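Read off the chains here:
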Amino acid sequence: MALMFPRLARNFAKGGYYPTDEATLERALAALAPGDGPMCIIDPCAGEGVAVAEVAHALGREQTQVFAVEYDGERAHHARGLVDRCIHGDLMDTLISRQSFGLLWLNPPYGDLSNDANGNLGYDGKGRARLEKLFYQRTLPLLQYGGVLVFIVPHYVLDAELVGWLTRHYSDLRIYRAVETQFKQVVVFGRRSRQRDQASDETKSARALLLQIGQGDIEAEALPEEWPLLPYTVPATPSEPEHFYRVTLEPAQFADEVGRLQGLWPTLEAHLGASQQSLRPPARALSHWHLALALAAGAISGVVTSKTGKVLIVKGDTHKEKTLQREFTERDDGSVAETRILTDKFVPVIRAWDMTPDSPTRGEVLTIR
């Protein structure tokens, strides 16, 4: 089982993508065992999909449905060839059914969170804002009770806040040092349980160990080559998740929809055709009053040639103006009160562009009010 060439892995790490190294992946798989029945597993930061695909093969590919989310387009394309369903997009822009997976393989992006345009960090916490914490909060509800967590993060991320979340939400917590030590990663195993009593001896012991490793006081044991304890059994999933999709359209999907619907062009005549049709002639000749009204309303426009040879390009319009009227009344105390009344007045305006040859006003715009 070859994950990728070491040189290629280093290049991915420089770009903010830290794939699980091959040795750590192989040893972590030894800690897992399949349940009785079909299983659904998810990797919300799947990368190229190699890690979660290997998990599926270890559990039994025929009875394991593999779901993945990946932000990078190239890596998501590769992952779709290894998993059953993969979303190309931001995990925060997805809708995924809660408690739908028996295993959560979580190797999130590493780093501090940055403020968005509104100054929000995007996660609900009081400690240091980290990407690892944000992804933990977002993915916790996806795991069913009794489901298995495999959490791969740098050891220094395990502060009091994150350790408190882990010990509250998971039982049977164990932590080991990853085989590849370049990124100071640890692998945390746990089984999701109902909210736990923080005062129990087991919880206190797990909390103390995680905090000591997070603070660098002690070093976690190396992930063993042969798993010495009872394996973490991935429970069967009653049904596939009802919802598993991206909220916004993927760029390629949006392009396909535009190509399929062709925008508004197929309905151009329905929306704009009426304005392009010529007006029907009136039943009888218009009077001078009708002509003036239609011209002022903009219903008549174009080139007009008089009997004397004058050529005008006319366009009529009507706009609204306000007229001000003042009224003065004397109060009982002798003072004068002023009342201002604004009245709307519709003013027709006809503009004509003089195109008469040899006219002294040729090329000028004449306004008729």
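Residues numbered from 1 in each chain as written. Predicted model: local features only at pLDDT ≥ 70, side-chain atom pairs only at ≥ 80, totals over all residues. Heavy atoms only, no water.

Enquirer: Explain unusual backbone geometry here, please?
Expert: Most peptide bonds take the trans form, and the phi angle of most residues other than glycine is negative. Its identity as a non-glycine residue notwithstanding, aspartate 172 has a phi of 50°, on the positive side. Considering the arrangement of structural elements, one finds aspartate 172 in strand β8 (residues 170–177). (Helix = DSSP H or I, 4+ residues; strand = E, 2+ residues; numbered from the N terminus.)

Enquirer: What exactly am I supposed to notice about the sheet that holds strand β13 (residues 311–330) here?
Expert: Adjacent strands of a sheet pair through backbone hydrogen bonds, lying either parallel or antiparallel. Across the sheet, four strands lie side by side as β12-β13-β14-β15; this open sheet has antiparallel pairing. The outermost strands of the open sheet, each flanked by one partner alone, are β12 (301–305) and β15 (365–368). Strand after strand, the sheet turns through a mean of 40° between neighbouring axes, direction not considered. In this structure, β12 lies alongside β13, joined through five bridges in antiparallel fashion. Along β13, the bridge assignment pairs valine 304 with leucine 312. (Pairing = 2+ DSSP bridges. Axes fitted to C-alpha atoms, helices over the stretch in contact; angles between N-to-C directions.)

Enquirer: Looking at this model, I keep getting lost on the sheet that holds strand β3 (residues 64–70). Mind explaining?
Expert: Spatial strand order, β4-β3-β2-β6-β7-β9-β8: seven strands in an open sheet with mixed pairing. Here the strands that pair on one side only, and so sit at the sheet edges, are β4 (85–88) and β8. Between one strand and the next, the sheet's axes are offset by a mean angle of 15°, whatever the strand orientation. Of the strand pairs in this sheet, strand β2 (residues 39–43) and strand β6 (residues 101–106) are connected by two bridges, and their pairing is parallel. Bridge pairing links isoleucine 41 to leucine 103 in β6. In the packing of helix α5 (residues 131–139) onto the sheet, contacts are made with β6, β7 (143–154) and β8, and the angle to β7 comes to roughly 170°. (Contact = heavy atoms within 4.5 Å.)

Enquirer: Is there a simple way to think about the packing of aromatic side chains in this case?
Expert: We describe a pair of aromatic rings using the distance from one ring centre to the other and the angle between the two ring planes. Tallied over the full model, the rule gives 10 aromatic pairs. For the pair tyrosine 136 and phenylalanine 151, a centre-to-centre distance of 5.8 Å together with 40° between the ring planes defines the contact as tilted. Note that tyrosine 136 is positioned in helix α5 and phenylalanine 151 in strand β7, a separation of 15 residues in sequence. Of the two residues examined, tyrosine 136 and phenylalanine 151, each falls in the buried class. A connected cluster of aromatic rings, assembled from ring pairs, spans Tyr136, Phe151, Trp165 and Tyr170. One cation-aromatic arrangement involves arginine 194 over tyrosine 145; the distance from NZ or CZ to the ring centre is 3.7 Å. (Phe/Tyr/Trp six-rings, centres within 6.5 Å; stacked < 30°, edge-to-face > 60°. Buried < 20%, exposed > 50% of the residue type's maximum accessible area, 1.4 Å probe, protein only. Lys NZ or Arg CZ within 6 Å of the ring centre and 35° of its normal.)

Enquirer: Can you help me understand the nonpolar core in this one?
Expert: Within soluble globular proteins, side chains that are nonpolar tend to cluster in buried spots. Counting residues in hydrophobic clusters, the biggest one holds 35 residues, and the most contacted among them are Phe151 and Leu166. Not counting chain neighbours up to four residues away, the residues in contact with phenylalanine 151 comprise Leu106, Pro108, Glu132, Tyr136, Leu162, Leu166, Val186, Val187 and Val188. The next biggest cluster of nonpolar side chains, apart from the first, holds 32 residues, and it includes Ala28, Ala76, Cys86 and Val148. (Core = buried A, V, L, I, M, F, W, Y, C linked by side-chain atoms within 4.5 Å.)

Enquirer: Teacher, can you tell me more about helix α3 (residues 50–59) here?
Expert: Because an α-helix completes one turn every 3.6 residues, residues spaced three or four positions apart along the sequence face the same direction. Counting buried residues in α3 gives seven out of 10 residues, a clear majority hidden from the surface. The secondary structure elements touched by the buried residues of α3 are α2 (22–29), β1 (32–34), β2, β3, β6 and β10 (232–234). One or two residues past the end of α3 sits glycine 60, with phi positive at roughly 115°.

Enquirer: Is there a simple way to explain a nonpolar patch on the surface in this structure?
Expert: A surface patch of nonpolar side chains, about 370 Å² in accessible area, is lined by Val303, Ile313, Trp353 and Val365. The topology assignment puts valine 303 in strand β12. By relative accessible area, which is 60% here, valine 303 ends up exposed. (Patch = residues over 30% accessible without salt bridge, like charges linked within 9 Å, V, L, I, M, F, W, Y side chains within 5 Å. Areas by Shrake-Rupley, 256 points an atom, 1.4 Å probe, with all protein chains shown as cover. Salt bridge = Lys/Arg side-chain N within 4 Å of Asp/Glu carboxyl O.)

Enquirer: Can you walk me through the confidence of the model for the protein chain in this structure?
Expert: Interpreting fine coordinate detail is not advised for predicted regions of low pLDDT. Residues with a pLDDT of 70 or more make up 87% of the protein chain, whose mean pLDDT is 84. Throughout residues 1–15 the model reports pLDDT below 50, and contacts reaching past four residues in sequence, or to other chains, amount to 20 contacts. In this model residues 117–121 is a low-confidence stretch, pLDDT under 50, and it forms six contacts with partners more than four residues away in sequence or in other chains. (pLDDT = per-residue confidence, 0-100.)

Enquirer: I'm lost on the environment of glycine 164 in this one. Help?
Expert: In this fold, glycine 164 is placed in helix α6 (residues 160–169). Through-space distance from the C-alpha of glycine 164 to that of threonine 203 is 9.6 Å; in sequence the pair is 39 residues apart.

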